[in-house]
Amino acid sequence: MTREIDILVVEPCKAPRPAKVEDTLEAFQKIVGGPIEAGCYLPQRVMLICNREGKHMRLMPNRENPTDSSDFIAGTFLLCSFEGEHFASLTAAQQKEFEAYFALPDEEGDFEKE
């Protein structure tokens, strides 16, 4: 049986929204619209997961990369927690912090597509 986890989904030009999803590769791929890239580690044991090919697919620029201000994240991404090598639910505190962090979409045109 697959377990569900609590995440935040961040779509271009929209505020982050909480969601409950199955903890499967397929569920994450469906959200980001393709192969996932996991590895942008944020404070409080939060991981940003995006479409690995988002820029090459010319997906809409979404938010500034929180670990590299000269870069951006293309397309929808999600935030979850992690425990060792496993994804985990965000706590209420993590959700609140990252809803605020990613609350306002960047102005259209701030980023140039590669």
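Residues numbered from 1 in each chain as written. Predicted model: local features only at pLDDT ≥ 70, side-chain atom pairs only at ≥ 80, totals over all residues. Heavy atoms only, no water.

(A) Spotlight on the pattern of salt bridges. Counted according to the given criterion, the structure contains 5 salt bridges. With its nearest N and O atoms 3.0 Å apart, the salt bridge here joins Lys20 to Asp6. Taken together, the residues Lys20 in strand S2 (residues 17-22) and Asp6 in strand S1 (residues 4-10) connect sequence positions 14 residues apart. According to the relative accessible area criterion, Asp6 is partly exposed, its value standing at 23%. (Salt bridge = Lys/Arg side-chain N within 4 Å of Asp/Glu carboxyl O. Helix = DSSP H or I, 4+ residues; strand = E, 2+ residues; numbered from the N terminus. Buried < 20%, exposed > 50% of the residue type's maximum accessible area, 1.4 Å probe, protein only.)

(B) Inspection of the environment of Gly39 at higher detail. Mapped onto the elements, Gly39 comes out in strand S3 (residues 36-42). The spacing of Gly39 and Cys50 is 11 residues in sequence and 9.2 Å in space, taken between C-alpha atoms. If near-sequence neighbours (up to four positions away) are discounted, Gly39 is found in contact with Met47 and Leu48. (Contact = heavy atoms within 4.5 Å.)

(C) Geometry of the layout of surface pockets. For the largest pocket, the calculated volume is near 290 Å³. Looking at the lining of the largest pocket, the elements with two or more residues in it are S3, strand S4 (46-51) and strand S6 (68-74). By residue class, the composition of the lining of the largest pocket is 7 nonpolar, 6 polar and 6 charged. (1 Å grid on protein atoms, 1.4 Å probe; cavity = no way out; pocket = protein on both sides within 12 Å on 5 of 7 lines; lining within 4 Å. Points joined across faces, edges and corners; volume = space filled by probe spheres on them. Nonpolar A, V, L, I, M, F, W, Y, C, P; charged D, E, K, R; others polar.)

(D) Just the confidence of the model for the protein, in detail. Looking at the protein as a whole, its pLDDT mean stands at 89, while 89% of the residues score no less than 70. In the predicted structure, residues 105-114 sits below a pLDDT of 50 and forms 21 contacts with residues beyond four places in sequence or in another chain. (pLDDT = per-residue confidence, 0-100.)

(E) Expanded view of the side chain of Arg63. With respect to the helices, strands and loops of the structure, Arg63 is situated in strand S5 (residues 61-65). Under the relative-accessibility criterion, Arg63 is labelled buried at 2%. Reaching out from Arg63, the side chain makes a polar contact with the backbone oxygen of Glu11 at a distance of 3.3 Å. Reaching out from Arg63, the side chain makes a polar contact with the backbone oxygen of Lys14 at a distance of 2.7 Å. (Polar contact = N/O pair within 3.5 Å; in protein donor to acceptor, adjacent residues only side chain to side chain.)

(F) Expanded view of the pairing of strand S7 (residues 77-83). In terms of burial, S7 is a largely internal element, 6 of the 7 residues being buried. Here 3 bridges tie S1 to S7, and the two strands are oriented antiparallel to one another. Residue pairing in the sheet places Val9 in a bridge with Leu78 of S7. Note that S4 and S7 share 4 bridges and pair antiparallel. By the bridge assignment for S7, Val46 is matched with Ser81. Pairing between S7 and strand S8 (residues 86-88): 3 bridges, direction antiparallel. Across the sheet, Glu83 pairs through a bridge with His86, a residue of S8. Here S7 folds back onto S8, and the loop between the two strands holds 2 residues, one of which, Gly84, carries a positive phi near 65 degrees. (Pairing = 2+ DSSP bridges.)

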